[in-house]
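# An overview of the molecular structure
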Amino acid sequence: MPHLSVVKRAVALSVCVLGLVYAGAITAMQGVMVHNANARATFAMATTGAVYFTVMNHSEHAVTLTGVSVDSAVAAEAQLHTTVMEGDMMKMRQMTDGIDIAPGDMVEFKSGSYHVMLLGLTKPLNEGATFDITLNFANQPPIITTVTVGKGGREQSHHHHE
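Not measured: the values here are computed from a predicted model.

Bringing the overall build of the protein into the picture now. Counting its regular elements, the protein contains one helix and eleven strands. Reading the protein from its N terminus to its C terminus gives the helix and strand order α-β-β-β-β-β-β-β-β-β-β-β. Burial analysis of the protein (162 residues in total) assigns 38% to the buried set. Long-range contacts, defined here as pairs at least 24 residues apart, represent 66% of the contacts in the protein between residues at least 6 apart.

Have a look at this one:
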């Protein structure tokens, strides 16, 4: 009967491992997630570009996106921006106070709304290229996500953060 004991232990161990894997998946879904990080291709002499994505807050507490950064090989600076209507003119404004994301909420960074401005591009953003940006939060660790440059600016990519 020692053989049956070994089988029972193996089954019990497998159940424990699967339980831990399942718990990890739930934890990932309870954190902040970044989906569809993308940018539109730019022309050869462009000095600015824009990045779009969706941030989903699956945690139990509000988070505040305070800033964004990019490697200096891509651009000199990255800033959080929004687009506002002033009279009959659409204007971009830097978001210096951050962007609050309530528990269970989602914020879409898109053309005509919130977006990341890349200032001082070191080279054009070419279709198919990728680069990383870092999203900085006041009350949680930063999230690094990969941006895909696409012709239409809606290439698929995502990153999870626990």
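Structure's up, so let's keep going.
Once that is clear, we can look at the pairing of strand β10 (residues 143–150). Most of β10 sits inside the fold, with six of its eight residues counted as buried. As paired strands, strand β1 (residues 32–40) and β10 are joined by three bridges and run parallel to one another. Note on β10: the bridge partner recorded for Arg40 is Gly150. In the sheet, strand β9 (residues 130–137) pairs with β10 via six bridges, with the strands oriented antiparallel. The partner of Thr134 across the bridge, within β10, is Ile144. Counted along the chain from β9 to the antiparallel partner β10, the turn is five residues long.

Its place among the elements puts Thr64 in strand β3 (residues 63–70). A distance of 2.7 Å separates the side chain of Thr64 from the side chain of Asp100, its partner in a polar contact. If sequence neighbours within four positions are ignored, Thr64 has contacts with Asp97, Gly98, Ile99, Asp100, Asn136, Phe137, Ala138 and Asn139.

On average, residues of the protein score 83 in pLDDT, and 75% of them reach the 70 mark or higher. Residue range residues 15–29 is modelled with pLDDT below 50. Its contacts to residues more than four positions away, or to other chains, number five contacts. Predicted confidence for residues 152–162 stays below pLDDT 50, and this span has 39 contacts to residues more than four positions away or in other chains.

With that settled, the discussion passes to the pattern of salt bridges. Applying the stated rule across the entire model yields two salt bridges. A salt bridge links Lys91 to Glu86, with the shortest nitrogen-to-oxygen separation between them at 3.5 Å. Where Arg93 meets Glu86, a salt bridge forms, and the shortest distance between an N and an O atom there is 2.6 Å. Each member of the salt-bridge network shares a partner with another, and the members are Glu86, Lys91 and Arg93.

A separate point is the packing of aromatic side chains. According to the stated counting rule, one finds two aromatic pairs in the structure shown. A ring pair is formed by Phe53 and Phe109, whose centres lie 4.3 Å apart and whose planes are at 20 degrees; its orientation type is stacked. A residue pair is termed long-range when its members are at least 10 positions apart, and Phe53 in strand β2 (residues 48–57) and Phe109 in strand β7 (residues 106–109) qualify at 56 residues. Assessed through its relative accessible area of 1%, Phe109 is described here as buried. Judged by centre distance (5.6 Å) and plane angle (35 degrees), the ring pair of Phe109 and Tyr114 falls under tilted. Among the aromatic residues, those joined into a ring-pair cluster are Phe53, Phe109 and Tyr114.

About the criteria used
Residues numbered from 1 in each chain as written. Predicted model: local features only at pLDDT ≥ 70, side-chain atom pairs only at ≥ 80, totals over all residues. Heavy atoms only, no water. Helix = DSSP H or I, 4+ residues; strand = E, 2+ residues; numbered from the N terminus. Buried < 20%, exposed > 50% of the residue type's maximum accessible area, 1.4 Å probe, protein only. Contact = heavy atoms within 4.5 Å. Pairing = 2+ DSSP bridges. Polar contact = N/O pair within 3.5 Å; in protein donor to acceptor, adjacent residues only side chain to side chain. pLDDT = per-residue confidence, 0-100. Salt bridge = Lys/Arg side-chain N within 4 Å of Asp/Glu carboxyl O. Phe/Tyr/Trp six-rings, centres within 6.5 Å; stacked < 30°, edge-to-face > 60°.

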